[in-house]
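# Structural description and commentary
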Amino acid sequence: MTASPALDHLALTVPNLDDQVELLITAFGMVAQFRSEHFAVIVDSGSDFKLELSTSDDGEAHLRHLGFRTDDVDAAHASLVAAGMETSAVPHRQDFARMYTSFLKQPGGMEVQLVKYD
């Protein structure tokens, strides 16, 4: 990973996306970077930390994954696989999000996303 890997975002599912987005914007001063019917990216303007929010299928809040920025997704991905993590999605381009990314699962099931933004 980078010399100083940085926590970039948390991805969560929430029961009521509209209410959660409104609360984060009005009560916490966060900014909606992207919004669709079932998905939103909300940014803390002071730190650039992001919350990826999507609609929950079961009416409960859930952690989907932890997102980390890295300068080299391929090398970081290979290093984490060597350390015992399992590949969920090989490094690939996501043009809609303007990023290069991969997903891995830790033993026990916690998912991690590696990202490098354009």
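The structure this text deals with has already been given above.
What counts, and where the lines are drawn
Residues numbered from 1 in each chain as written. Predicted model: local features only at pLDDT ≥ 70, side-chain atom pairs only at ≥ 80, totals over all residues. Heavy atoms only, no water. Core = buried A, V, L, I, M, F, W, Y, C linked by side-chain atoms within 4.5 Å. Buried < 20%, exposed > 50% of the residue type's maximum accessible area, 1.4 Å probe, protein only. Helix = DSSP H or I, 4+ residues; strand = E, 2+ residues; numbered from the N terminus. Contact = heavy atoms within 4.5 Å. Phe/Tyr/Trp six-rings, centres within 6.5 Å; stacked < 30°, edge-to-face > 60°. 1 Å grid on protein atoms, 1.4 Å probe; cavity = no way out; pocket = protein on both sides within 12 Å on 5 of 7 lines; lining within 4 Å. Points joined across faces, edges and corners; volume = space filled by probe spheres on them. Pairing = 2+ DSSP bridges.

The next point concerns the nonpolar core. If you look at the biggest cluster of nonpolar residues, it comprises nine residues: V14, L17, V21, L24, M30, A40, I42, L51 and L53. Counting residues per element, the ones that place at least two in this core are α1 (17-28), β3 (39-43) and β4 (50-55). With three residues, the single largest contributor to this core is α1. Other than its neighbours up to four places away in sequence, V21 contacts R35, A40, I42 and L53.

Scanning all chains against the criterion turns up one aromatic pair. Their ring planes at 55° and their centres at 6.1 Å tell us that F34 and F39 sit as a pair that is tilted. Take F34: its relative accessible area is 44%, and that puts it in the partly exposed class.

Left-over empty space is what a probe sized like a water molecule reveals as it rolls over the atoms. The volume enclosed by the largest pocket comes to roughly 580 Å³. Lining the largest pocket are 18 residues, and of these V41, F96, A97, M99 and Y117 sit closest to its centre. Contributing elements (two or more residues each) for the lining of the largest pocket: β2 (31-35), β3, β4, β5 (62-69), β7 (99-105) and β8 (111-117).

For β8, the buried fraction is high: five of the seven residues fall into the buried class. Sheet topology places β5 next to β8; four bridges connect them, and they run parallel. Each bridged residue has a counterpart across the sheet, and for L66 the counterpart in β8 is V112. Note that β7 and β8 share seven bridges and pair antiparallel. Pairing of Y100 across the sheet is with K116, part of β8.

Attention now goes to the environment of R64. Relative to the helices and strands, R64 resides in strand β5. For R64, a relative accessible area of 33% translates into the label partly exposed. Each C-alpha atom of the pair R64 and M85 lies 16 Å from the other, and the pair is 21 residues apart in sequence. Aside from chain neighbours lying at most four places away, what touches R64 is A11, L12, T13, F39, E52, S54 and E111.

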